[in-house]
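Take a look at the letters that make up each chain.
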Amino acid sequence: MIDVNYNYMLHFFRILSFSFLIFGAVSAHAQHEAYTEPVQQQIADTTFVNLKDYSKDFVYDMKYATEDNFLKAKVYDCAECLLRLKTVKALVAANKDFIKKGYKIKLYDCYRPLSIQKKMWEIVSNPKYVADPKKGSIHNRGGAVDISLVDMNGKELDMGTAFDFFGPEAAHNYTNFSKKVLSNRKFLKKIMIENGFNSFDSEWWHYNLKAGLKDNVSNQKWNCN
Ligand SMILES: [Zn+2]
């Protein structure tokens, strides 16, 4: 009986020490992972983030945080550019390409809560210029931006019309402009498309992230503190 118990205990301790060995190896591996993996990679690509936390190289002119827009009302409490992380990554990459050539992206609008979309639709019920809130805009999905370009002195390039000009002149296929205007629009479009965005026929300033078209619409508001 004593021999049996002794053998049994020996076997038990062998299993125990083997378990500690495995546990040690696993936890060492976990610590290694936690140490080397940057924080940003732990956030899902669909998470809403603030662009300013990822780059300081953008110029902001967030029209809906002022009264200088077609609503004639300040509909955002503060001027922040929220987007899904994947949109931010593509936009930062596009801006790097522009910077290499001596320009920067100027932002007019980014993510837009659905309730604001409804206000816009009440004023302009034309899907050429404002998306029907029943379907939702890509802005409501965190995948669209309204942008222009400035040079390194902050001077905006001539794009032929102002932002939110609701007329045929705002369309990409309108060609009755100077060569300069047409080449400015073409330049904006080329780099954006190279970085995963689609242009929008009737508005030279609007770009949708191709990988962001099917995300859910949102009505969350951002923190202004
Ligand atoms: Zn837009």
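Since the structure is predicted, the reported quantities are computational estimates derived from the model, not experimental observations.

Okay, the UniProt feature "binding site: Zn(2+)" (unreviewed entry) in the chain next. In this numbering, the UniProt entry assigns the feature "binding site: Zn(2+)" (unreviewed entry) to H139, D146 and H206. A maximum C-alpha distance of 9.6 Å places the annotated residues, which cover 68 residues in sequence, within one compact spot. Position of H139 among the secondary structure elements: in the loop between α3 (114-123) and β5 (144-151). Residue H139 is classed as buried on the basis of its C-beta count, with 25 C-beta atoms lying within 10 Å. Excluding anything up to four places from it in sequence, H139 contacts D109, Y111, R112 and A144. Tracing the backbone through its elements, the reader meets D146 in strand β5. When the 23 C-beta atoms within 10 Å are taken as the criterion, D146 is described as buried. The contact partners of D146, leaving out residues within four places of it in the chain, are Y108, D109, F163, W205 and H206.

Below, the discussion takes up the sheet that holds strand β7 (residues 203-209). Strand order in the open sheet formed by five strands is β2-β4-β5-β7-β6, with mixed pairing between adjacent strands. Looking along the sheet, the strands with just one partner apiece sit at the ends: β2 (59-60) and β6 (197-200). Alignment of β2 against strand β4 (residues 103-109), held across two bridges, turns out to be parallel. The residue bridging Y60 from the neighbouring strand is L107, located in β4. Of the strands in this sheet, β5, β6 and β7 touch helix α4 (residues 179-194), which is tilted by about 145° from β6.

On any regular strand, side chains alternate: one points to one face of the sheet, the next to the other face. Taking burial as the measure, the seven residues of β4 include five buried ones, the bulk of the element. Bridge count for β4 against β5 is six bridges, and the pairing is antiparallel. When the sheet's bridge partners are listed, K104 is paired in β5 with V150.

Okay, the pairing of β7 next. With six of its seven residues buried, β7 lies for the most part within the structure. Note: β5 against β7, three bridges, orientation antiparallel. Bridge assignment links D146 to a residue of β7, and that residue is H206. Bridge count for β6 against β7 is four bridges, and the pairing is antiparallel. Paired with S199 across the strands is Y207, a residue of β7. Hairpin remark: β6 followed by β7, antiparallel, with two residues in the connecting loop.

Attention now moves to the nonpolar core. L83, A94, L107, C110, V145 and I147 are the most contacted members of the largest nonpolar core, which has 32 residues in total. For this core, the secondary structure elements donating two or more residues are β3 (82-84), α2 (85-100), β4, β5, α4 and β7. Counting residues per element, this core draws most heavily on α2, which supplies five residues. If sequence neighbours within four positions are ignored, C110 has contacts with L51, C81, L82, L83 and V145.

Given a rise of 1.5 Å per residue, 16 residues ought to cover 22 Å, and the 22 Å separating the end C-alpha atoms of α4 matches this to within 8%. Those residues of α4 not exposed but buried are N184, R185, L188, I191 and M192. For α4, the buried positions fall inside an angular range of 140° around the axis, keeping them on one side. Of the residues in α4, the exposed ones pointing more than 90 degrees away from the buried face are K179, S183, K186, K190 and E194. Taken together, the buried residues of α4 touch α2, β5, β6 and β7.

How each quantity is defined
Residues numbered from 1 in each chain as written. Predicted model: local features only at pLDDT ≥ 70, side-chain atom pairs only at ≥ 80, totals over all residues. UniProt positions renumbered as here; feature names shortened; annotations may be inferred. Helix = DSSP H or I, 4+ residues; strand = E, 2+ residues; numbered from the N terminus. Buried ≥ 20, exposed ≤ 12 C-beta atoms within 10 Å, placed from the backbone. Contact = placed C-beta atoms within 7 Å. Pairing = 2+ DSSP bridges. Axes fitted to C-alpha atoms, helices over the stretch in contact; angles between N-to-C directions. Core = buried A, V, L, I, M, F, W, Y, C linked by C-beta atoms within 7 Å. Expected span 1.5 Å × (residues − 1). Arc of directions from axis to C-beta.

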